[in-house]
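Per-entry structural report
Given next are the chains, with one letter for each unit.
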Amino acid sequence: MPQRSYRASEFLDAAERAGAEVWIASDRCHVLDRRYLWPERSLVIDFYDPDAAVATIVAAARGGEPVAAVIPAGGEAAAALAARAARELGLPSNAPEAMAA
């Protein structure tokens with residue numbers, strides 16, 4: 001989820017109501033860190049370093065409970081990273097090659 005996502009709270013509330021445990025992977029910045037209380041289960045990633053971002057997401061997913069999905073929120077970069085992370089985790093997703101195209 002990009003740091004500029006303005007619907008994060010609504011998404012997290014809906015996931016909680018559905019009984020889903022959510023991890024947030026975001027390129028958050030110091031400005032939002034002072035304005036938004038990020039969930040405990042949040043990861044800092046860099047959309048400009050997709051290999052490292054995918055590695056961070058995959059490592060977190062493999063280090064805990066089984067993951068059911070990697071869902072992008074907020075644009076093409078998030079969708080491309082989600083597709084790559086899902087593929088590495090063996091989850092259904094859009095093909096990373098299609099996302100790159």
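Look above for the structure.
Let me begin by describing the structure that accompanies this report. Here the residue numbering is sequential within each chain, running from 1 through the sequence in written order. Where totals are concerned, whole chains, interfaces and linings use all residues; where local detail is concerned, this predicted model gives features only for residues with pLDDT of at least 70, and gives and counts side-chain atom pairs only at 80 or more. Only heavy atoms go into the side-chain values, all of them from the structure, while hydrogens and water stay out.

1. Concerning the overall build of the protein chain
As a reminder of what qualifies: Labels follow the DSSP assignment, with helices taken as runs of H or I lasting at least four residues and strands as runs of E lasting at least two, numbered in each case from the N terminus. Categorising residues by exposure relies on relative accessible area from a 1.4 Å probe, with only protein chains included: less than 20% of the type maximum marks a residue as buried, more than 50% marks it as exposed, and the intermediate range marks it as partly exposed. The contact criterion used throughout is that any non-hydrogen atoms of two residues lie within 4.5 Å. We get accessible surface area from the Shrake-Rupley algorithm with a probe of 1.4 Å; when it comes to residues, only the shown protein chains can shield them.
Scanning the protein chain from N- to C-terminus turns up 5 helices and 2 strands. Mapped from its N terminus to its C terminus, the protein chain presents α and β elements in the order α-β-α-β-α-α-α. For the protein chain, the residues scored as buried account for 30% of the 101 residues in total. Within the protein chain, counting contacts between residues at least 6 apart in sequence, those at least 24 apart form 39% of the total. With an accessible surface of roughly 6,800 Å², the protein chain has 52% of that area assigned to carbon and sulfur atoms.

2. Side note on the nonpolar core
Put simply, the rule reads: Only buried Ala, Val, Leu, Ile, Met, Phe, Trp, Tyr and Cys residues count toward a nonpolar core, and they belong to the same one when joined by side-chain atoms within 4.5 Å.
By size, the foremost hydrophobic cluster in this structure holds 11 residues: Ala25, Leu43, Ile45, Phe47, Ala53, Val54, Ile57, Val58, Ala78, Leu81 and Ala85. Listing elements by their share of this core, those giving two or more residues are α3 (50–62) and α4 (76–89). Top contributing element to this core by residue count: α3, with 4 residues. When neighbours within four sequence positions are excluded, Ala53 is seen to be in contact with Ile45, Asp46 and Leu81. By size, the runner-up hydrophobic cluster in this structure holds 6 residues, among which are Met1, Ala15, Val22 and Ile24.

3. A few points about the pattern of salt bridges
Note the cut-off: Here, a salt bridge means any Lys or Arg side-chain nitrogen found within 4 Å of an Asp or Glu carboxyl oxygen.
All told, the structure shown has 2 salt bridges when counted by the stated rule. A salt bridge links Asp51 to Arg84, with the shortest nitrogen-to-oxygen separation between them at 2.7 Å. Of this pair, Asp51 sits in helix α3 while Arg84 sits in helix α4; the two residues are 33 residues apart in sequence, bridging distant segments of the chain. Residue classification places Arg84 among the partly exposed residues on the basis of a relative accessible area of 28%. As a salt-bridge pair, Arg87 and Glu97 come within 3.4 Å of each other at their nearest N and O atoms. Of this pair, Arg87 sits in helix α4 while Glu97 sits in helix α5 (residues 96–100), placing them 10 residues apart in sequence. Owing to a relative accessible area of 46%, Arg87 belongs among the partly exposed residues under this scheme. According to the relative accessible area criterion, Glu97 is exposed, its value standing at 52%.

These results come straight from atomic positions and should not be treated as a statement about function.
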